Amino acid sequence: MSTIYVGLGANLGNPVQTLTALLERLQQVPELSHIKCSSFYRSAPMGPQDQPDYVNAVLCAQTHLAPLALLDLLQNLENEFGRVRNRRWGARTLDLDLLLFADVSLHHPRLTVPHPGLTERDFVLVPLHEIAPDLTLPDGRSIGSLLEHLPSHDLIKIT
């Protein structure tokens, strides 16, 4: 079994309701176990500003899937929740990003792990630190030290 971390985000419809429904749905996915989720945080959109604020969280789970099979599962869940890919960093009903997969470093045309934006995004680092404060990336950097070096944390904790 591998420990994985997944970033959750939504900003269309009722994002809190969507993420809550996702967490309930994940309990039914046999390929995932020991699911733990951070609090939900509201953040300004990254990219185009003509969209609602996001609600973000990070979950930790165990899986026996390989990274690309897990990516397929996550994308299927996004589709199940009505995800449409119209523009990069655009509004979405659900966004699931594989942040970390055990201590794997992977560069594949479909997937890069650790997620390339992980170290620069407060809406990832803050909830990740909440559920795994002692976590270290495959390159040896700690989540705590990365968080300390972010210029600001403009998140609002909502749950």
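Our subject is the structure listed above.
Residues numbered from 1 in each chain as written. Predicted model: local features only at pLDDT ≥ 70, side-chain atom pairs only at ≥ 80, totals over all residues. Heavy atoms only, no water.

A. Seen up close, the overall build of the chain. A count of helical and extended segments in the chain gives 4 helices and 8 strands. Order of helices (α) and strands (β) in the chain, N terminus to C terminus: β-α-β-β-β-α-β-β-β-α-α-β. For the chain, the C-alpha radius of gyration of 15 Å lies close to 15 Å, the compact-globule estimate for 159 residues. When the backbone C-alpha atoms are referred to their principal axes, the chain occupies close to 35 × 35 × 30 Å. The buried share of the chain, reckoned over its 159 residues, is 48%. Counted over contacts in the chain with a minimum sequence separation of 6, partners at least 24 positions apart contribute 68%. (Helix = DSSP H or I, 4+ residues; strand = E, 2+ residues; numbered from the N terminus. Rg over C-alpha atoms; globule rule 2.2 N^0.38 Å. Buried < 20%, exposed > 50% of the residue type's maximum accessible area, 1.4 Å probe, protein only. Contact = heavy atoms within 4.5 Å.)

B. Representation of the pairing of strand 4 (residues 54–63) in the model. In terms of burial, strand 4 is a largely internal element, 10 of the 10 residues being buried. The alternating pattern of strand 4 places Y54, N56, V58, C60 and Q62 and V55, A57, L59, A61 and T63 on opposite faces, both of which are buried. The sheet contact formed by strand 1 (residues 2–10) and strand 4 spans 9 bridges and is antiparallel. Its bridge partner lying in strand 4, T3 is registered against Q62. Pairing geometry for strand 2 (residues 32–37) and strand 4, over 4 bridges, is antiparallel. Bridging from a neighbouring strand, S33 pairs with Q62 of strand 4. Examined bridge by bridge, strand 3 (residues 41–43) and strand 4 share 3 bridges and lie antiparallel to one another. If you follow S43 over to strand 4, its bridge partner there is Y54. (Pairing = 2+ DSSP bridges.)

C. Representation of the layout of surface pockets in the model. Roughly 240 Å³ of internal volume is contained in the second largest pocket. Lining the second largest pocket, in full, are S43, A44, M46, E120, R121, D122, F123, L150, P151, S152, D154 and L155. When its residues are assigned to classes, the lining of the second largest pocket shows 6 nonpolar, 2 polar and 4 charged. (1 Å grid on protein atoms, 1.4 Å probe; cavity = no way out; pocket = protein on both sides within 12 Å on 5 of 7 lines; lining within 4 Å. Points joined across faces, edges and corners; volume = space filled by probe spheres on them. Nonpolar A, V, L, I, M, F, W, Y, C, P; charged D, E, K, R; others polar.)

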